[in-house]
Amino acid sequence: MASRDQDDAFTLDDAFTLDDANALRRAIGDSVRAIRRSETTPEGQIEALGFLARDGAHSIATLARLRRVRHQSMRVTVADLEAQGLVARAPDPSDARGVLVSLTPAGTAVIAESRTRRATRVLAAAESALTPEERAVLARTAPALDKLTAALLAQDVDDAQG
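Residues numbered from 1 in each chain as written. Predicted model: local features only at pLDDT ≥ 70, side-chain atom pairs only at ≥ 80, totals over all residues. Heavy atoms only, no water.

## A few points about the overall build of the chain
In step 1: In terms of regular secondary structure, the chain is built from seven helices and two strands.
In step 2: For 162 residues, the compact-globule estimate of 2.2 N^0.38 gives 15 Å, and the C-alpha radius of gyration of the chain, at 19 Å, exceeds that figure by more than 25%.
In step 3: By principal-axis analysis of the C-alpha atoms, the chain measures approximately 60 × 45 × 25 Å.
In step 4: A burial count over the chain gives 21% of its 162 residues as buried.
In step 5: Contacts in the chain between residues far apart in sequence, at least 24 positions, make up 43% of those at least 6 positions apart.
In step 6: By element, 57% of the accessible surface of the chain is carried by carbon and sulfur atoms, the whole surface being about 11400 Å². (Helix = DSSP H or I, 4+ residues; strand = E, 2+ residues; numbered from the N terminus. Rg over C-alpha atoms; globule rule 2.2 N^0.38 Å. Buried < 20%, exposed > 50% of the residue type's maximum accessible area, 1.4 Å probe, protein only. Contact = heavy atoms within 4.5 Å. Areas by Shrake-Rupley, 256 points an atom, 1.4 Å probe, with all protein chains shown as cover.)

## A closer look at the confidence of the model for the chain
Detailed reading of the predicted coordinates is not advisable wherever pLDDT falls low.
In step 1: Across the chain, the average pLDDT comes to 90, with 91% of residues at or above 70.
In step 2: Within the chain, the element-level pLDDT minimum falls on helix α7 (residues 141-161), averaging 87, and the maximum on helix α4 (residues 71-83), averaging 97. (pLDDT = per-residue confidence, 0-100.)

## Thoughts on the nonpolar core
In step 1: Membership of the largest hydrophobic core comes to 15 residues, with the highest contact counts inside it found for Leu49, Leu63, Met74, Val78, Leu81, Val87 and Val101.
In step 2: Among the elements of the structure, α2 (43-55), α3 (60-67) and α4 are those that each provide at least two residues to this core.
In step 3: Sorting elements by how many residues they give to this core places α2 first, with five residues.
In step 4: If we skip the residues at most four places from it in the chain, Val78 touches Ile60, Leu63, Val87, Arg89 and Val101. (Core = buried A, V, L, I, M, F, W, Y, C linked by side-chain atoms within 4.5 Å.)

## Points about α2
In step 1: Compared with the 18 Å implied by 1.5 Å per residue over 13 residues, the 18 Å span of α2 between its first and last C-alpha is a close match.
In step 2: Of all the positions in α2, only Gly44, Gln45, Ile46, Glu47, Ala48, Leu49, Gly50, Phe51 and Leu52 are classed as buried.
In step 3: Looking at the packing, one finds that the buried side of α2 touches α1 (18-36), α3, α4, β1 (87-92), β2 (95-103) and α5 (105-129).
In step 4: Within two residues after α2, Gly56 carries a phi angle of roughly 90 degrees, on the positive side. (Expected span 1.5 Å × (residues − 1).)

## Concerning unusual backbone geometry
In step 1: One non-glycine residue, Arg68, lies in the positive phi region at around 60 degrees.
In step 2: On the secondary structure map, Arg68 appears in the loop between α3 and α4.

## Re the environment of Leu145
In step 1: Secondary-structure assignment places Leu145 in helix α7.
In step 2: Residue class for Leu145 comes out partly exposed when judged on its relative accessible area of 29%.
In step 3: Each C-alpha atom, one on Leu145 and one on Ile28, is 10.0 Å from the other, the two residues being 117 residues apart in sequence.

## Some details on the environment of Ala21
In step 1: By the element assignment, Ala21 lies in helix α1.
In step 2: What makes Ala21 partly exposed here is its relative accessible area of 28%.
In step 3: Sequence separation between Ala21 and Arg33 is twelve residues; the distance between their C-alpha atoms is 18 Å.

What follows is the structure, given as structure tokens:
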């Protein structure tokens, strides 16, 4: 599979190819896995905390869907987080039988510390491994990745509806 050499100069006329998309997918996945290696909280728990920090309170069923796990697995994760004082359950005002899970102040602190630790790790790696020009490219990359993520999520919705 041909891929552009990282030293090749790019112009605005360069096409984004399937090979480029595959290289980007692999690089993002490898980076995410490398960053997560520093995480001390189990992956399933940190992801659940992250969803709650980003989106606010969720039902266990919604958290399970977001993490793509069974309801029973998420129920165990939430119980573990609750036992650690990181989340709390409260009645769901829109469903008399349901509960909503939300972060406690301790849970908010854990997710904030985790994000800072991971960002610090990314910054240190970038400063030691990348040139100033490469770091400048990375600094401009997050908005493009956010747009790409939104497009991928929109495709998921379209695929589910169509």
